[in-house]
Amino acid sequence: MELDYLKKTWDSTTGVGGSFKSDMMIDLTRKTSLDRLLGNYRRFADISFGMTVFSLLFLSNRLFPQSAGIWITLYLMAYFLTTGLIDSWLYRRLKGIDVCRMSVREVALTAIECRKRHHQCMFVLIPFAIGILYLLLFVGYEDLESAKIGAIVGGIIGGAVGIKKYLEMMKDYRILSKTDWTDDALD
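Residues numbered from 1 in each chain as written. Predicted model: local features only at pLDDT ≥ 70, side-chain atom pairs only at ≥ 80, totals over all residues. Heavy atoms only, no water.

(A) A look at the side chain of His-118. Looking at where His-118 falls in the secondary structure, it is placed in helix H4 (residues 104-140). Setting aside chain neighbours within four positions, we find His-118 in contact with Tyr-41, Leu-90, Tyr-166, Met-169 and Met-170. (Helix = DSSP H or I, 4+ residues; strand = E, 2+ residues; numbered from the N terminus. Contact = heavy atoms within 4.5 Å.)

And the structure:
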């Protein structure tokens, strides 16, 4: 009786070919919080460096007065170069985390440090981005109402997407730096 029960149980857990049922399979494509953070920073760095080069197109833009086009282009290039360098640094710092060799404390402290640097850089980059909107609205597009509306809508959409991404990344940082220690142990 027990042998029949074991055979029946085994057959219910394996398919015809001897493989596990799909709901019991381990998902090897699932990404960890560290993988998601690394992917975000890598993507952001690539986009930022690409936009640094793309910003050169503003030099030939006839919508801006000549002197304003140069300043807007330089400002955009400085912004995107800065964001690219920051994202590259954070990517390299997080890439240095080796969960097999590092202790939980080292992983958590590295994640906490990167989260802190992320926030510090945001305090610099958000006013920088507001400055870009200011330049586009009041210096660049002096007479074009549709371009001003486009800049405002782009700023709102960019802000919404940025906030959503920020919240996702902070969730990943919380998971990565979650420990059983008290906050006093990390200071």
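(B) Focus on helix H2 (residues 33-54). In a regular helix each residue adds 1.5 Å, so 22 residues correspond to 32 Å; H2 covers 31 Å between its end C-alpha atoms and thus fits that length. Where H2 is concerned, the buried positions are Ser-33, Leu-34, Leu-37, Leu-38, Asn-40, Tyr-41, Ala-45, Ser-48 and Thr-52. Relative to the axis of H2, the buried residues are bounded by an arc of 160° and lie together on one face. (Expected span 1.5 Å × (residues − 1). Buried < 20%, exposed > 50% of the residue type's maximum accessible area, 1.4 Å probe, protein only. Arc of directions from axis to C-beta.)

(C) Summary view of the packing of H2 against helix H5 (residues 145-176). The geometry of H2 relative to H5 is characterised by a closest axis approach of 9 Å and an angle of 140° between their N-to-C directions. Regarding the angle of H2 to H5, the classification is oblique. Pair H2 / H5 crosses with left-handed handedness. Judged by residue contacts, Ser-33, Leu-34, Arg-36, Leu-37, Asn-40, Tyr-41, Arg-43 and Phe-44 of H2 engage Lys-165, Met-169, Asp-172, Tyr-173, Ile-175 and Leu-176 from H5. When the residues that make up the contact of H2 with H5 are grouped by side-chain class, the tally is 8 nonpolar, 2 polar and 4 charged. (Axes fitted to C-alpha atoms, helices over the stretch in contact; angles between N-to-C directions. Parallel < 35°, antiparallel > 145°, perpendicular 65-115°, else oblique. Left-handed = near helix turned anticlockwise from the far one by under 90°. Nonpolar A, V, L, I, M, F, W, Y, C, P; charged D, E, K, R; others polar.)

(D) Here's a closer look at the packing of aromatic side chains. For the coordinates displayed, the defined rule picks out 3 aromatic pairs. An angle of 70° between the planes, with centres 5.3 Å apart, marks the rings of Tyr-79 and Phe-80 as edge-to-face. Residue classification places Phe-80 among the buried residues on the basis of a relative accessible area of 16%. Relative to Phe-128, the ring of Tyr-79 has its centre 5.3 Å away and its plane inclined at 80°; by these criteria the two rings are edge-to-face. Remark: Phe-128 occurs in helix H4 and Tyr-79 occurs in helix H3 (residues 66-95); sequence separation between them is 49 residues. (Phe/Tyr/Trp six-rings, centres within 6.5 Å; stacked < 30°, edge-to-face > 60°.)

(E) Examining the pattern of salt bridges more closely. The tally for this structure, following the rule as stated, stands at 6 salt bridges. Put simply, Arg-93 and Glu-113 hold a salt bridge, and the shortest N to O gap is 2.7 Å. Placement of Arg-93 in helix H3 and of Glu-113 in helix H4 is noted, with a sequence separation of 20 residues between them. For Glu-168, the salt bridge is made with Lys-165, and the minimal N-O distance between the two is 3.2 Å. Taken together, the positions of Glu-168 and Lys-165, both in helix H5 and 3 residues apart, correspond to about one turn of that helix. Note on Glu-168: relative accessible area 31%, which makes it partly exposed. With a relative accessible area of 24%, Lys-165 lands in the partly exposed category. One connected set of salt bridges, linked through shared partners, spans Lys-164, Lys-165 and Glu-168. (Salt bridge = Lys/Arg side-chain N within 4 Å of Asp/Glu carboxyl O.)

(F) Summary view of H5. Over its 32 residues, H5 extends 46 Å from the first C-alpha to the last, a length consistent with the 46 Å expected when each residue adds 1.5 Å. Those residues of H5 that sit buried are Ala-147, Lys-148, Ala-151, Met-169, Met-170, Asp-172, Tyr-173 and Leu-176.

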